[in-house]
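Each chain, letter by letter, is given below.
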Protein chains: 2
Amino acid sequence: MQTILVVDDDKDIVDLVRYNLRKEGFTVLTARNGVDALELASQRPDLIILDVMMPEMNGWEVVKKLKAGARTSTIPVVFLTAKSSEVDEVLGLELGAEDYLVKPISIPKLLARVRAVFRKRTSAGTVRENIAVGAVEILPEQHLVMIGGREVFFPRKEFEVLLYLAEREGKAVSRETLLDAIWGSDAHVVDRTVDVHIAKIRDKLGAHSDYVETIKGVGYRLRPPA
Amino acid sequence: MQTILVVDDDKDIVDLVRYNLRKEGFTVLTARNGVDALELASQRPDLIILDVMMPEMNGWEVVKKLKAGARTSTIPVVFLTAKSSEVDEVLGLELGAEDYLVKPISIPKLLARVRAVFRKRTSAGTVRENIAVGAVEILPEQHLVMIGGREVFFPRKEFEVLLYLAEREGKAVSRETLLDAIWGSDAHVVDRTVDVHIAKIRDKLGAHSDYVETIKGVGYRLRPPA
DNA sequence: CGGACGGGTTACGAAACTGTTACGGGGCGG
DNA sequence: CCGCCCCGTAACAGTTTCGTAACCCGTCCG
């Protein structure tokens, strides 16, 4: 079953949310401050419900750190906020906030949002299964790459590029497509940047660097050699 | 130039979007409600930017009707939404929404999304199916050519020429037509250039070089020998 | 028989593309 | 505050691809 991390300094709210989510069958982790939240986030819950206003480390900071961590950057976050004026910030800042809820919390609304997140996750194909291309294995959920059985660390961008290519094994992928998919359609990035990442990926692939083929004038293609 | 239909009940937004899209060279149609939108959609714009919240007929209904109409079902739609909670619905319901934008609108983002839609449409949009002509197999998505089961590399231009001929197997294609289709109508290329590429293609086809027939005074034709 | 046409081939310089390395900025952790 | 890592950009070098021109051949005439 899916795990949800609930973070709020108000014990009443934590209890209320936990009770209701458990009743729905979710596994619930809780934290009363940002530090503990980050600690628990490393367990990779499927969703984080996060209070904006907290002593010491507020919600923004927590999210920033989550997004920075390779293992936690893809976890969806739903904000809890007391003031509706904060809503604009949630939407304005592009922190990858999945959604928000305004206090006082309406339980039906909460559950609806939570279900919506999971629906989106599964329908949008965000369920990232492990992929193997020849001797290269990619484990998206753990942000891990195994090359010939050995574990190799890939920084975020390189990882995403590799994953994208792997999901389309054998297909030619243009730089433009990669930029759209990974950097976002509104990115301000030169396409030669892709080359550099490809170079680094090849470097890490070591003996298997020939998995990444260059198609001049077209793009790249990932596949095991014949 | 491409035509975009903008639908929103807020005049300010319509004006803002129209102004910016026009500046980018698009032809812009506008509607203030769902009914007018459907009316204009019959003109088959290349893209529809659609507000979710509108009086009388909301965005969902408009899209449903668009998808129902044979002439309008393939037009990509980008949603405009004020609340992030609606985003889930956009993605959750599989209405074929191409993308979405959250208000307040960022113009650079809007333009980036629009451009992305057109890029996707022209490049990956069409599902390029594999083609076989005799012993020659062309796999467009992988940018691969198999000749008698053996993989042979074709540089971009040669690949495109071969593909173009293969898509018209048995039909005579003039140099002029090829130049138009592959080099672009605004290219400044001598038509004898085509001959050179044909020669290279024949060379790579090896034993099957006779697939490419010359029709004197007309052009070329690709087909397996009788 | 000579010449005009159309086309096949080859050679070569220019342009286009990519691989790689180096550098600067930013963020995070110590 | 310092140092390390990730990332985007620029610059340089090495290839590949492309477009033309040139030359050659066969055919079809008068």
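Describing the protein's contact with DNA strand C
Residues in close proximity to DNA strand C total 24 residues, the closest being Thr214 and Tyr220 of chain A together with Arg192, Thr214 and Gly217 of chain B. Per the 4 Å cut-off to the protein, sugar and phosphate atoms form 57% of the nearby atoms of DNA strand C. Gly217 of chain B has a polar backbone atom sitting 2.8 Å from a phosphate oxygen of DNA strand C. Measuring from a phosphate oxygen of DNA strand C, one finds a side-chain N or O atom of Tyr220 of chain B at 2.8 Å. When residues of the surface near DNA strand C are assigned to their parent elements, the largest contribution, 5 residues, is made by helix H8 (residues 192-205) of chain B. In the surface near DNA strand C, the residues fall into 8 nonpolar, 4 polar and 12 charged.

Digging into the packing of aromatic side chains
For the coordinates displayed, the defined rule picks out 0 aromatic pairs over all chains. The side chain of Lys204 of chain A reaches across the aromatic face of Phe154 of chain A, ending 5.8 Å from its centre.

Notes on the sheet that holds strand S10 (residues 172-174) of chain B
Residues and elements named next belong to chain B. If you walk across this open sheet you meet the 3 strands as S10-S12-S11, and the pairing is antiparallel. With one partner strand each, in any of the chains shown, S10 and strand S11 (212-215) form the two edges of the open sheet. Neighbour to neighbour, the strand axes of the sheet diverge by 35° on average, direction disregarded. Pairing analysis gives 3 bridges linking S10 to strand S12 (residues 219-222), with the strands arranged antiparallel. In the sheet register, Ser174 faces S12, and the bridge partner there is Gly219. Contacts from helix H6 (residues 156-167) reach S10 and S12 within the one sheet, and its direction differs from that of S12 by about 70°. Running at roughly 145° to S11, H8 makes contact with S11 and S12 of the sheet.

Some thoughts on the sheet that holds strand S6 (residues 131-133) of chain B
Residue and element names in this part refer to chain B. The sheet built from 4 strands is open, its strands ordered S6-S7-S8-S9 with antiparallel pairing. Each end of this open sheet is capped by a strand with a single partner; those strands are S6 and strand S9 (150-152). Neighbour-to-neighbour, the strand axes of the sheet open up by a mean angle of 25°, direction not taken into account. Across 4 bridges, the pairing between strand S7 (residues 136-139) and strand S8 (residues 144-147) is antiparallel. Following the sheet pairing, Leu139 is matched in S8 by Leu144.

A closer look at the side chain of Asp51 of chain B
Residue and element names in this part refer to chain B. Residue position: Asp51 is located in strand S3 (residues 47-51). Its relative accessible area of 3% is what places Asp51 among the buried residues. What Asp51 contacts, discounting residues up to four positions off in sequence, is Val7, Asp8, Asp9, Gly59, Leu80 and Lys103.

Comments concerning the pairing of strand S3 (residues 47-51) of chain A
Residue and element names in this part refer to chain A. Across the 5 residues of S3, 5 count as buried, placing the element largely inside the fold. Here strand S1 (residues 3-7) pairs with S3 via 4 bridges, running parallel. Looking across to S3, one finds that Leu5 is bridged to Ile48.

Comments concerning the protein's contact with DNA strand D
Taken together, 25 residues are adjacent to DNA strand D, and Trp183 and Val190 of chain A together with Lys157, Trp183 and Val190 of chain B come closest. A share of 83% is what sugar and phosphate atoms reach among the atoms of DNA strand D within 4 Å of the protein. Within the backbone of Val190 of chain A, a nitrogen or oxygen atom sits 2.8 Å from a phosphate oxygen of DNA strand D. With respect to DNA strand D, the side chain of Trp183 of chain B contributes an N or O atom lying 2.6 Å from a phosphate oxygen. Sorting the residues of the surface near DNA strand D by element identifies helix H6 (156-167) and helix H8 (192-205) of chain A together with H6 and H8 of chain B as the ones contributing at least two each. Each residue belonging to the surface near DNA strand D can be placed in one class, and the counts come to 12 nonpolar, 6 polar and 7 charged.

Here's the deal with the domain arrangement of chain A
Residues and elements named next belong to chain A. Each assigned domain of chain A is listed with its residue range as follows: domain 1 (3-123) and domain 2 (131-222). The interface of domain 1 with domain 2 comprises 6 residues on the first partner and 5 residues on the second. At the boundary of domain 1 with domain 2, total buried surface from both sides reaches about 450 Å², with 36% on carbon and sulfur atoms. Counting across the interface, domain 1 meets domain 2 through 0 salt bridges. Here domain 1 and domain 2 share 0 residue pairs in polar contact (both at pLDDT 80 or more) between them.

Basis of the calculations
- Residues numbered from 1 in each chain as written.
- Chains lettered and ligands numbered in written order.
- Predicted model: local features only at pLDDT ≥ 70, side-chain atom pairs only at ≥ 80, totals over all residues.
- Heavy atoms only, no water.
- Near = heavy atom within 4 Å.
- Polar contact = N/O pair within 3.5 Å; in protein donor to acceptor, adjacent residues only side chain to side chain.
- Helix = DSSP H or I, 4+ residues; strand = E, 2+ residues; numbered from the N terminus.
- Nonpolar A, V, L, I, M, F, W, Y, C, P; charged D, E, K, R; others polar.
- Phe/Tyr/Trp six-rings, centres within 6.5 Å; stacked < 30°, edge-to-face > 60°.
- Lys NZ or Arg CZ within 6 Å of the ring centre and 35° of its normal.
- Pairing = 2+ DSSP bridges.
- Axes fitted to C-alpha atoms, helices over the stretch in contact; angles between N-to-C directions.
- Contact = heavy atoms within 4.5 Å.
- Buried < 20%, exposed > 50% of the residue type's maximum accessible area, 1.4 Å probe, protein only.
- Domains from an automatic or database assignment.
- Buried area = accessible area lost by both parts, 1.4 Å probe.
- Salt bridge = Lys/Arg side-chain N within 4 Å of Asp/Glu carboxyl O.

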